[in-house]
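Understanding the architecture of this molecule
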Amino acid sequence: MSTSSGDARVLIGVHGGGFNGIDTYAEQVAVAAASVGRFVTLVATTEEVARDLECRLRDFDIHIIHLGLASDAGTSAADRLWPGRIRRRLAGALAATLQSHNVRYPIAHLNHPGLALAARLAASRVCVAAWFYPHSLTGRVAETWRHTGRAGTRRAVLTFKSVSHYLNDQAGYHSADCVITPTALLATHLNHRGIPAIACPPPVHLANESEGRNRNRGLPYRFILCSGDLSHPRKNVAAALRALRMIPASVGTVSVEAIGRNGHLLGKDVERLPAHISMTFPGPLPAHEVHRRMREADALLFPSLFEEWGYVAVEALLNGTPVVTLPVYPFAEMLQEGFGVRAASMTDEGYAEAILSLLALPPDPTLADRARKVFGAEAIGARLISIWSDLGREPVAGLSA
């Protein structure tokens, strides 16, 4: 195998073309690594996804290869019900592609833990990303059941799928040299279970990082909500609207913008808002437009009941906009630097109090710069290089290939 780029090579994958956090992670890790001088190869599932990435990442020195999968791969009913089928297809395609390319990488860094064994065909060390806390079968099933609403069939299907996701993670963790977690809490949890893990927040690069805030806080107050599906039970947007009903008119006028699909399903909660609070639903918007509107908002309302990682919260912080969350994972760590307010309780009253607490705080003109030092691509790229370098110097005990 060729070793022409030495220790600076890193293999990153696999991007499936979605806008979910898992695919975003692969893309952002590639950007972070390229930003600090690594020779990056990013793996995409299809030729179409590879072309899209080449267009989006043209400002970075990132080599993109694809697995040659069909664009509709992984869309059968069986695949949607049991994600292990998709993982096996991806692993087979990744193994074949890496063998055909005949390049050796010191490090592979994967967003899907279940691909660790396939990546070993071309990588001396393999890192995989962990997402779900806690890593236990009962914990995964319980959290999924709790946060998928009351619809019996949908709830049962998603809970059943969570078992497959857990099994994929378990196999991948024990086939990797190191697991990279978004929080120290998850890293500690995995280490206690005998799985070597290191905390490193997912990096985020914004194309418009040079643009500053468009306004200072003042009337009318402006809040923003962002979700792919505003009606999803786990996103808990209706609870934020109930909390907004408790904001007194003495605060002044408040405008709320909810970006995403299915806003019309919140109609009854919107109708109950008091006269001093107005609400608009622009629908899904491109990232650059979402970020522009974030910079015009006084706060991002993020009332999720659970997140594996809050990418939207990080994007808001990098745009200088603080965040209001419930007291749930992972926000205790994400907001510990004074990046927003966590409610004291899970109640609507508690969330309303958190919103008022944030409005009482003075605006922080340093917020975006401070967030960049914690979550930005260059800062996290340097952290990842340190992790990868340590793996290359030290034998890793406790895991089998």
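Residues numbered from 1 in each chain as written. Predicted model: local features only at pLDDT ≥ 70, side-chain atom pairs only at ≥ 80, totals over all residues. Heavy atoms only, no water.

Oppositely charged side chains are able to pair whenever their charged atoms sit close together. One pass over the structure, following the stated rule, counts 15 salt bridges. Salt-bridge contacts for Glu307 lead to Arg234; the nearest nitrogen and oxygen are separated by 3.4 Å. Of this pair, Glu307 sits in the loop between strand 11 (299–302) and helix 12 (311–318) while Arg234 sits in the loop between strand 8 (221–229) and helix 9 (237–244), and the two are 73 residues apart along the sequence. Under the relative-accessibility criterion, Glu307 is labelled buried at 6%. (Salt bridge = Lys/Arg side-chain N within 4 Å of Asp/Glu carboxyl O. Helix = DSSP H or I, 4+ residues; strand = E, 2+ residues; numbered from the N terminus. Buried < 20%, exposed > 50% of the residue type's maximum accessible area, 1.4 Å probe, protein only.)

A word on the side chain of Thr183. Counting through the fold element by element, Thr183 comes out in the loop between strand 6 (178–181) and helix 8 (184–192). Within the structure, Thr183 has its side chain in polar contact with the side chain of Tyr329 (distance 2.8 Å). The residues contacting Thr183, other than those within four sequence positions of it, are Ala199, Trp309, Tyr329, Pro330 and Glu333. (Polar contact = N/O pair within 3.5 Å; in protein donor to acceptor, adjacent residues only side chain to side chain. Contact = heavy atoms within 4.5 Å.)

Our next topic: the side chain of His15. Position of His15 among the secondary structure elements: in strand 1 (residues 9–15). Polar contacts involving the side chain of His15 include one to the main-chain amide nitrogen of Gly17, which spans 2.9 Å. There is a polar contact of 3.1 Å between the side chain of His15 and the side chain of Glu27. Discounting residues that sit within four places of it in the chain, His15 has contacts with Asp23, Ala26, Glu27, Val43, Ala44, Thr45, Val49, Leu53 and Arg56.

Turning next to the confidence of the model for the protein chain. Here the protein chain averages 90 in pLDDT, and 90% of its residues register 70 or above. Low confidence marks residues 1–5, where pLDDT is under 50. Its contacts with residues over four positions away, or in another chain, come to ten contacts. (pLDDT = per-residue confidence, 0-100.)

Between helix 9 and helix 14 (residues 348–360), the least distance of the axes is 8 Å, while the angle of their chain directions is 70 degrees. One way to sum up the angle between helix 9 and helix 14 is to call them roughly perpendicular. Crossing geometry of helix 9 relative to helix 14 is assigned as right-handed. Contact with helix 9, carried on its side by Ala239, Ala240, Arg242, Ala243 and Leu244, involves Asp348, Tyr351, Ala352 and Ile355 of helix 14 and no other residues of that element. When its residues are assigned to classes, the contact of helix 9 with helix 14 shows seven nonpolar, no polar and two charged. (Axes fitted to C-alpha atoms, helices over the stretch in contact; angles between N-to-C directions. Parallel < 35°, antiparallel > 145°, perpendicular 65-115°, else oblique. Left-handed = near helix turned anticlockwise from the far one by under 90°. Nonpolar A, V, L, I, M, F, W, Y, C, P; charged D, E, K, R; others polar.)

A few words now on the pairing of strand 1. Burial of strand 1 is extensive: seven of the seven residues sit out of reach of the surface. Both strand 1 and strand 2 (residues 39–44) contribute to a ladder of five bridges, which runs parallel. Pairing of Leu11 across the sheet is with Thr41, part of strand 2. Here strand 1 runs beside strand 4 (residues 105–110); their pairing, made up of four bridges, is parallel. The residue of strand 4 that forms the bridge with Gly13 is Leu110. (Pairing = 2+ DSSP bridges.)

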